[in-house]
Amino acid sequence: MGRSWTEIREDFPILKSKMNGQPLVYLDNAATSQKPQVVIDAIAAFYQKDNANIYRGTYELSQRTTDLYEGAREQVAKFIGADRSEIVLTAGATASLNLAAFGYGLPVLRPGDEIAVTAADHHSNLVSWQEAAKMTGAKLVYLPLDLGGKVDVERVKKEQIIGKKTKILAIAQVTNVLGTNQPIAELINLVHQAGGVAVIDGAQAAGHLPVDVKKLDADFYAFSGHKMLSQTGIGVLYGKKKLLEATRPLFFGGEMIEEVGLTSATYKKAPYKFEAGSQNVSGAISLGSAIDYLTEIGLDKIAAREAELGKAAAAGLRAIPGVRVYGQGGGIVSFNLAGIHPHDLATALDTQGIAVRAGQHCAQPMMNFLQVPGTVRASFAFYNNEEDVSALITGVKEAKEFFHGLR
Amino acid sequence: MGLDKLSQLYRTILLDYAAHPKYAQPLEILDQEVRLINHSCGDQVTLQVKFADDEGSEMVKIDQIACLASGCTIFQASSAIMTEQVLGKKLSDVTKMKAAFYQMLEGHDLAEDDKKKLGDATLLAGVSQFPARIKCAALPWQAVAEAIERKQEGK
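Keep in mind it's a predicted model, so treat the numbers as computed, not measured.

Trainee: How do you make sense of the nonpolar core when you look at a structure like this?
Mentor: Grouped burial of nonpolar side chains is what soluble globular proteins tend to show. In this structure, A:Phe335 and A:Leu392 are the most contacted members of the largest nonpolar core, which totals 79 residues. Among the elements that make up this core, the one with the highest residue count is helix α6 (residues 134-152) of chain B (nine residues).

Trainee: Teacher, can you tell me more about the domain arrangement of chain A here?
Mentor: Reports of interface size often rely on the accessible area that becomes lost once the parts have come together. All names here are of chain A. Entries for chain A in the domain assignment read domain 1 (5-30 + 299-405) and domain 2 (41-296). Computed over C-alpha atoms, the centres of domain 1 and domain 2 are 29 Å apart. On the domain 2 side, the residues contacting the 29 residues of domain 1 number 26 residues. Between domain 1 and domain 2 the total buried area reaches about 2200 Å² when both faces are included, carbon and sulfur atoms providing 63% of it. Taken together, the links from domain 1 to domain 2 amount to zero salt bridges. Linking domain 1 with domain 2 are 12 residue pairs in polar contact (both at pLDDT 80 or more). Considering every element that reaches the side of domain 1 that touches domain 2, the biggest residue donor is helix α13 (residues 364-370), with six residues. Considered class by class, the residues forming the side of domain 1 that touches domain 2 number 17 nonpolar, eight polar and four charged.

Trainee: Any chance you could explain the sheet that holds strand β4 (residues 87-90) of chain A here in plain terms?
Mentor: Residues and elements named next belong to chain A. The sheet built from seven strands is open, its strands ordered β4-β10-β9-β8-β7-β5-β6 with mixed pairing. Edge strands, defined here as strands with exactly one partner in the open sheet, are β4 and β6 (139-142). Direction aside, the axes of adjacent strands within the sheet are offset by 20° on average. Pairing between strand β5 (residues 114-117) and strand β7 (residues 166-172): three bridges, direction parallel. Paired with Ala116 across the two strands is Leu169, which belongs to β7. Along the sheet, helix α7 (residues 184-193) contacts β7 and β8 (197-201); its crossing angle with β7, the most-contacted strand, is approximately 170°.

Trainee: Which parts of the structure should I look at to understand helix α4 (residues 91-105) of chain B?
Mentor: Side chains of residues three or four places apart in an α-helix project in the same direction, reflecting 3.6 residues per turn. All names here are of chain B. Given a rise of 1.5 Å per residue, 15 residues ought to cover 21 Å, and the 21 Å separating the end C-alpha atoms of α4 matches this to within 8%. Residues of α4 that are buried include every one of Leu91, Val94, Met97, Ala100, Phe101, Met104 and Leu105, and no others. Those residues of α4 hidden inside the fold are in contact with β2 (43-52), β3 (61-70), α3 (73-86), α5 (112-118) and α6. Following α4 by one or two positions, Gly107 has its phi on the positive side, about 95°.

Trainee: For this particular structure, what's the right way to read helix α5 (residues 123-136) of chain A?
Mentor: Residue and element names in this part refer to chain A. Compared with an ideal rise of 1.5 Å per residue, which puts 14 residues at 20 Å, α5 spans 19 Å between its outermost C-alpha atoms and is within 8% of the ideal. All of the buried residues in α5 are Ser124, Asn125, Leu126, Ser128, Trp129, Ala132, Ala133 and Thr136. Taken together, the buried residues of α5 touch α4 (93-108), β5, β6, β7, β8 and α13. At the exit of α5 stands Gly137, carrying a positive phi of roughly 85°.

Trainee: Can you walk me through the state of the cysteines in this structure?
Mentor: Taken as a whole and judged by the stated rule, the model has zero disulfides over all chains. Distance from the sulfur of B:Cys72, which forms no disulfide, to the nearest cysteine sulfur (B:Cys136) is 3.8 Å.

Trainee: Where do I start with the environment of B:Lys89 in this structure?
Mentor: Residue and element names in this part refer to chain B. Among the structural elements, Lys89 can be located in the loop between α3 and α4. Residue Lys89 is classed as partly exposed on the basis of its relative accessible area of 27%. Residues Lys89 and Met59, spaced 30 residues apart in sequence, show a C-alpha to C-alpha distance of 9.2 Å. Every residue in contact with Lys89, bar those within four places of it in the chain, is listed here: Val60, Lys61, Ile62, Val94, Met97 and Lys117.

Trainee: What am I meant to see in the pattern of salt bridges here?
Mentor: Once the charged atoms of two side chains with opposite charge are near each other, the side chains can pair. All names here are of chain A. With the rule as written, the count across this model stands at 27 salt bridges over all chains. Note that Glu114 is salt-bridged to Lys139, the shortest N-O span being 3.8 Å. Placement of the pair is Glu114 in strand β5 and Lys139 in strand β6, with a sequence separation of 25 residues. Taking the relative accessible area as the measure of exposure, Glu114 reaches 13% and is therefore buried. Residue Lys268 pairs with Glu255 through a salt bridge whose shortest N-O separation is 3.2 Å. Residue Lys268 is located in the loop between β12 (265-267) and α10 (281-297), and its partner Glu255 is located in the loop between α9 (241-246) and β11 (257-260); the two are separated by 13 residues in the primary sequence. Connected through shared salt-bridge partners, Glu70, Arg73, Glu74, Arg84 and Glu275 make up one network.

Calculation rules
- Residue positions within a chain follow its written sequence, with the count starting from 1.
- Written order decides the labels, with chains lettered from A and ligands numbered from 1.
- Restriction of local features to residues with pLDDT of at least 70 applies here, the model being predicted, together with a cutoff of 80 or more for giving and counting side-chain atom pairs; totals for whole chains, interfaces and linings are based on all residues.
- Excluding hydrogens and water, the side-chain values take into account all heavy atoms of the structure.
- To qualify as a nonpolar core, a set must consist of buried Ala, Val, Leu, Ile, Met, Phe, Trp, Tyr and Cys residues joined through side-chain atoms within 4.5 Å.
- Residue burial is assigned from relative accessible area. The probe radius is 1.4 Å, only protein chains are included, and a residue is buried under 20% of its type maximum, exposed over 50%, and partly exposed in between.
- The secondary structure listing takes helices from DSSP runs of H or I that are at least 4 residues long and strands from runs of E that are at least 2 residues long, numbered from the N terminus.
- For the domains described, the bounds stem from an automatic or database domain assignment.
- Any two residues whose heavy atoms approach within 4.5 Å are treated as being in contact.
- Buried surface area refers to the total accessible area, computed with a probe of radius 1.4 Å, that the two partners give up upon joining, counted for both partners together.
- Salt-bridge detection follows one rule: a side-chain nitrogen of Lys or Arg within 4 Å of a carboxyl oxygen of Asp or Glu.
- Side-chain atoms alone can form a polar contact between residues adjacent in sequence; in general such a contact is a pair of N or O atoms within 3.5 Å, and within protein one must be able to donate a hydrogen while the other accepts it.
- Classes in brief: Ala, Val, Leu, Ile, Met, Phe, Trp, Tyr, Cys and Pro nonpolar; Asp, Glu, Lys and Arg charged; the others, Gly included, polar.
- Note on pairing: two strands pair once DSSP finds at least 2 bridges between them.
- The convention used is that axes are lines fitted to C-alpha atoms, helices contributing only their stretch in contact, and that angles between N-to-C directions extend from 0 to 180 degrees.
- For a helix, the expected span equals 1.5 Å multiplied by the number of residues minus one.
- Whenever a pair of cysteine sulfur atoms sits within 2.5 Å, that pair is classed as a disulfide.

Given below as structure tokens:
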């Protein structure tokens, strides 16, 4: 028996703060997570004791920094069941997905090739592939979704939507609007049978449930550090060794080269050829520290806790007349209050100290799919609690009374 | 605190404006059409303007206007008020009104003269207390300013 959720919550100093004079109820974890004290301390300790540039120094301090950076890569590898040579440290999931689309996709895509995506995906995944498709003459194919936003695998199989022409499947493991856990294992299997490659956007999955890229047999797997307790500006692209070797770097410069002549240069092996210029060392260290913290609690326990809070919130919201819940998965719940624009509702919650996201959530095609201009999204993390759930439900009820009272 | 602050923003009269925009019928004849989208929340506006300039370029006025807005209450109310306030005004005056409106959204006190010019648009002064919503109130004014700019650039 580890520490209680109440004790764990104490690790997050910001949760003791206020917003609009009210105790902060932070329910925008799918946008970015809060940081535990150990991660904040790891960043400060790095700058107090270990800061130098990596790879470049001939002195002990630089070697120490390099060890810390490479140690973080090792931690990431272990965290998702990969080898360290398969871990590219990037600026975040968006940078990772762009690297997959333009470093890997662009050179292999041909006119008429197909890229399978879904309307439930985040713009960072969709738009990168739209551009890669435009540049190569490849075509985006949208996989059919059921009403809950989940890919209808039976239809995909029956209609052979993933087939001979499919070069790439690009899909989120967990979607950011409804928290849908996509059947990616089956889809990866289908794309492999078709001879294609699977690029998985793990931004809402990593740090929220156990991820094993080898078990999934993902070809590429992208995620951000800031959505799983570390700082912004650090992320990961996992790629199978052979595929990373086939991927072209997008940034050129210092430390990614092997030998430089006057007109051309040769590059290091993956992952180093993708890490040009001075890297985000404190970011990598904060990510390593976050991984240790999450692993100690246990990803299975975290997944169960977040789903428990998400379900409780969805049930409470559904019980309010006029509230429509579009979906709930893990800690994510998307909903609307009849007659009230999501932005107006979010402002009403804001004045009560409750932070939620309102709008399109970087997922315009998903809003069209749901046929709404936007939704309110509450996203719970394991450090939220039942009081936060109650605060949200009370907050929505009060907002409803407020707006109806004005009529 | 809390809902008190909210009632300073959502005044009944603003909800009326939002629910009953006067100038939301598409124009049959128009000179400029500006379409703007607030990508973070999905507010969308299509603003159509017909100018009257038979009195020389200094005297160009907004002759007809239509604002097709879909979005939150603040945005819809601001759209409705904007159309009523700028209709029949000289372009140079509208440009000044926009500047004054932006000043107000940034939390600055306005001179009496500016307040008079803005009319009911001053009902949106409370938005300055909600930085996340400033874009919502500003978008319709941004649209009319863009229509004027295009007209002046002869596009």
